[in-house]
Amino acid sequence: MFKEFDLKSFIEKNVTYRTNSLFQKDLKSFNNILHEKLSGRSILVIGAAGTIGSSFIRSVLKYPVDRLFAVDTNENGLTELVRDLRSTSGYNLPKILKTYPINFGSNVFSKIYEREGPFEIIANFAAHKHVRSEKDSYSIEAMIKNNVIEPKKFLDKLIPSPPEHFFCVSTDKAANPVNVMGASKKLMEDLILSYSSKIPITTARFANVAFSNGSLLSGFLERIVKRQPLSSPLDIKRYFLSPEESGELCMLACLLGNSGDIIFPKLNYDLDMVSFSDIGLKLLEELGYNPHICDSEDEARVFLSNTDSPSKYPIYLFKSDTSGEKSFEEFYTEYETLDNNSFSSLGIVKQQNFRKIEEISELVIALESIFKKSVVNNDMIISELASFIPTFKYINKGKNLDQRM
């Protein structure tokens, strides 16, 4: 086991390089409005057990919310969320706090929504977020259903009696997507924006959340606990937010954005872009290890069992060679109109022309007809997505992340 470790402090010093929240100024400036919009409200959070969903909950519970319903398929994650909330000071725990380990596309969820509503604020974080999850037609089908098809069904239910605010999380990978995950999120953006005249709806393109569940950085800690080598690409840089900042971004976007807005954090390429390999090396040093750089996965695996020096720890650094990876991500494209003046730390993509709901419906029907075929391959799905999303340029290198350590 490694020495005592303060993850929050490590993120501030070595990942975000911020001791105060990126959104501190906006949180202060709009505090009264946030208080007004959240006081006495009923909130439904879907995908509540994930890093971003749970961070959103922690952000809104700094205000006097009346009712909170949290839904996620991760039963253990919901359990830990409640334990954490009740073990931490500073939260305004609502009179009614209920968690349900169910799928938001299920009949049970429909019963909860119909019988326990109305909910003034609904935030959906249920999504496939990993490029790793698009290895074949089965995984891509599951991704598109979770990121697009099920949200569309839910939005159709909301039209007769819309909430005050509806939020659905996106990703920086939706800007000029090179992987199916990013394309599915761009399609999700087009989907929710097509409903924005009927439902007050916003979304946010995200930076990576440092040490979020299932991320490479979180995997570093798992490897060390299990006494396994680290592995990281050398040539991949990303923008990062802390988990706390991720919740704050979503709360601000959900409650302060205008319907149809795509919100993103204002970050600087030269100052805020950080490589995974640099973080891995700094993490080992923070934990008291001397990084031992290896030239292969085999060398890294063997090193731990053969070394006589407990202070040395292996890390395999390599050039990225898997499908769907860009060397860096971006929050907007050159074709999008921006508003950089409404907030101190947030930018807004202002769409000029929204897709029609009928267009989205036709694409969904086309995708579902592909999924029903007896033989389906990735190219069929990617081709259909590319015909609808002109900025989608899939990068295929013939290898996926599950083929990496």
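Residues numbered from 1 in each chain as written. Predicted model: local features only at pLDDT ≥ 70, side-chain atom pairs only at ≥ 80, totals over all residues. Heavy atoms only, no water.

Caption draft 1: Highlighting the side chain of serine 242. Position of serine 242 among the secondary structure elements: in the loop between β9 (237-241) and α10 (243-256). For serine 242, a relative accessible area of 10% corresponds to the buried category. (Helix = DSSP H or I, 4+ residues; strand = E, 2+ residues; numbered from the N terminus. Buried < 20%, exposed > 50% of the residue type's maximum accessible area, 1.4 Å probe, protein only.)

Caption draft 2: Focus on the side chain of serine 42. Within the secondary structure layout, serine 42 lies in strand β1 (residues 42-46). Here arginine 67 takes part through its side chain, which lies 3.0 Å from a polar atom of the side chain of serine 42. Excluding anything up to four places from it in sequence, serine 42 contacts Arg67, Pro118, Phe119, Glu120 and Ile121. (Polar contact = N/O pair within 3.5 Å; in protein donor to acceptor, adjacent residues only side chain to side chain. Contact = heavy atoms within 4.5 Å.)

Caption draft 3: Focus on the environment of serine 21. Position of serine 21 among the secondary structure elements: in the loop between α1 (7-14) and α2 (24-29). Placed 324 residues apart in sequence, serine 21 and serine 345 show a C-alpha to C-alpha distance of 9.9 Å. Other than its neighbours up to four places away in sequence, serine 21 contacts Leu27, Glu245 and Glu248. Within the structure, the side chain of serine 21 is placed 3.0 Å from the backbone nitrogen of phenylalanine 23, a separation counted as a polar contact. In terms of polar contacts, serine 21 uses its side chain to reach the side chain of glutamate 248, at 2.5 Å.

Caption draft 4: Structural view of the sheet that holds strand β8 (residues 230-233). Reading across from one edge, β8-β13-β12 is the order of the three strands in this open sheet, with parallel pairing throughout. The open sheet has two edge strands, β8 and β12 (290-294), and neither has a second partner. Direction aside, the axes of adjacent strands within the sheet are offset by 35° on average. Here helix α9 (residues 216-225) sits on the sheet and contacts β8 and β13 (312-318); the angle it forms with β8, its principal contact strand, is near 160°. Sheet contacts for helix α13 (residues 297-306): β12 and β13; angle to β13, the most-contacted strand, approximately 175°. (Pairing = 2+ DSSP bridges. Axes fitted to C-alpha atoms, helices over the stretch in contact; angles between N-to-C directions.)

Caption draft 5: Focus on unusual backbone geometry. Note that the residue after glycine 117, namely proline 118, is joined by a cis bond; omega there is 5°. With respect to the secondary-structure elements, proline 118 resides in the loop between α6 (107-116) and β4 (121-124). Its identity as a non-glycine residue notwithstanding, tyrosine 17 has a phi of 60°, on the positive side. Locating tyrosine 17 in the fold gives a position in the loop between α1 and α2.

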